[in-house]
Structure formats: structure tokens, C-alpha cells
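# Breakdown of the fold
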Amino acid sequence: MPPTGSDELVRQSIEQWKEYLERNPNDYETWAALGAAYAKVDRYPDALASFQEAISVNPKYAEAYLGLGSTYGFLDRMEDKITACKKAIELKPDYADAYATLGAAYARVGISSDAITAYKTALLLKPNFYYIRYALGTAYLVSGDTEAAFGEARLLELEDASLAKELYELIQRFRAAR
């Protein structure tokens, strides 16, 4: 696929941030921003290195651990993703995005019970996280709890009707396959 205009802007930002970091190597937030930019253009090894540099500068920067975990996910390194998300949560216990990302990692490796727990925590911290409600519904479905999946679909109707419809359809397909 040819690069988009957006990709070109990201590449320009990457070059500017690299130049800035040559002069300001201890700016951990810019290291993390650089990592996110690299991930956006599928340069995952560079993204990992940038997030790791942010962590080396500030080992208590939870956002860098989440970025690291997300990048591990793109590389299908789920155990590393789980470890990085847990570290982000350890550093910032109210970090809803880290719980959501942890839930996705658990779902990917088939640990529905842990995915459900992580998703529920994310929703407690950030109740309007409607796409996480959808993910929670699918995790319930995979675990065999169709009633709980229906419950999430009903709640989702209030937040995003199209996602609720998708979840209802998924539940129906799941039931028909049984």
C-alpha cells in the first residue's frame, strides 16, 4: 500500500523528534512519542527501542510501558505485552488503557477469565469505554457465558448502537454454531 499523507506527516515528525532528542536525550515523553510514531508506520523494532529508551530515562513512566506492550502486540509477543501492561498498571493503578490492553492480550492467548477481569477493571475506571464493553461481551461469549454477553450488548445499546448490533449478531452466530 502506498504511503498516505498522514504517513508522510508521521515520518516528518519522526525526523524532527530524532533531531530534538539528539539535543535533549533525557526527554522521556518525546522518546515515547517517537516510539508511537514508529509504531504508526509499522517500524516496530524502532518503536521498541524508543519506548525502551523512554523507560531507561524514566523507569516510572507508565505510558512508555503501555506503548512497549502495544508494540509487542503488533509483533505477536503476547507474554511480553502482558508483562509490559502489568508494569504500567503497577506504576499507575488507575490506568484504564493499560487494563484494556492487558485484557486484549489475555483474550489473544485464550485466557478469557483474566481478559474479563481486565476489561471490567478498565470499565470501572473509564465507564464510557464502549469498545471495551464490546470486547468484554466477546470475552464472555468465548468463555461460554452468553447471558453476560447479552448483558454487555444491552448496555452497549446506550453507548454505541452499531457495536451493540455487531455483538448481538456475534452472539446469535455463536449460538447457531453450537
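Relevant structure appears above.
Described in the following lines is the structure provided in the data block. All of these numbers come straight from a predicted model, not from anything done at the bench. Within each chain, residues carry numbers counting from 1 in the order of the written sequence. In keeping with the predicted nature of the model, local features appear solely for residues at pLDDT of at least 70, side-chain atom pairs appear and are counted solely at 80 or more, and the whole-chain, interface and lining totals rest on all residues. Working from all heavy atoms in the structure, the side-chain values ignore hydrogens and water.

This paragraph deals with the overall build of the protein. By definition, any uninterrupted DSSP run of H or I lasting at least four residues is a helix, any uninterrupted run of E lasting at least two residues is a strand, and each is numbered from the N terminus. Scanning the protein from terminus to terminus reveals ten helices and zero strands. Mapped in sequence order, the helices and strands of the protein form the string α-α-α-α-α-α-α-α-α-α. Each principal axis of the C-alpha atoms in the protein carries an extent, and together these give about 60 × 40 × 30 Å. Taking as baseline every contact in the protein between residues at least 6 positions apart, the subset at least 24 positions apart corresponds to 41%. Summing over all exposed atoms, the protein offers an accessible surface of approximately 9700 Å²; the carbon and sulfur share of this is 52%. We score Asp and Glu as negative and Lys and Arg as positive, and we do not count His or the chain ends. Charge coordinates come from a single atom per side chain, which is NZ of Lys, CZ of Arg, CG of Asp or CD of Glu. Across the protein, the centroid of the 20 positively charged side chains sits 4 Å from that of the 26 negatively charged ones. Contacts were defined at the residue level, with two residues in contact if any of their heavy atoms lie within 4.5 Å. Surface accessibility follows the Shrake-Rupley procedure with a 1.4 Å probe radius. Residue values consider only the protein chains on display as shielding.

Under the convention used throughout, the expected extent of a helix is 1.5 Å for every residue step, that is, one less than its residue count. Its 13 residues place the ends of helix α6 (residues 96-108) 18 Å apart at the C-alpha level, agreeing with the 18 Å of an ideal helix rising 1.5 Å per residue. Throughout this description, buried means an accessible area under 20% of the type-specific maximum (1.4 Å probe, protein chains only), exposed means over 50%, and partly exposed covers the range between. Within the sequence span of α6, burial applies to A96, A98, Y99, A100, T101, L102, G103, A105 and Y106. Turning to α6, the residues buried within the fold contact α4 (62-74), α5 (78-91), α7 (112-125) and α8 (130-143). Of the residues trailing α6, G110 is marked for its positive phi of about 85°.

Any carboxyl oxygen of Asp or Glu within 4 Å of a side-chain nitrogen of Lys or Arg constitutes a salt bridge here. Following the criterion strictly, the structure yields eleven salt bridges and no others. Between D46 and R43 there is a salt bridge; the shortest N-O distance is 2.8 Å. What makes D46 partly exposed here is its relative accessible area of 30%. Residue R43 is classed as partly exposed on the basis of its relative accessible area, which comes to 34%. R133 is the partner of E159 in a salt bridge, and the nearest nitrogen-oxygen pair spans 3.1 Å.

Another aspect to go through is the environment of A105. Note on placement: A105 falls in helix α6. Taking the C-alpha atoms as reference, A105 lies 22 Å from L156; in sequence the two are 51 residues apart.

Stacked, edge-to-face and tilted are the three classes for Phe, Tyr and Trp ring pairs, Trp counted by its six-membered ring, which pair at centre distances within 6.5 Å; planes under 30 degrees apart are stacked, over 60 edge-to-face, the rest tilted. Across all of its chains, the model carries five aromatic pairs by this definition. An angle of 20° between the planes, with centres 5.1 Å apart, marks the rings of Y44 and F74 as stacked. Remark: F74 occurs in helix α4 and Y44 occurs in helix α3 (residues 44-57); sequence separation between them is 30 residues. Under the relative-accessibility criterion, Y44 is labelled buried at 15%.

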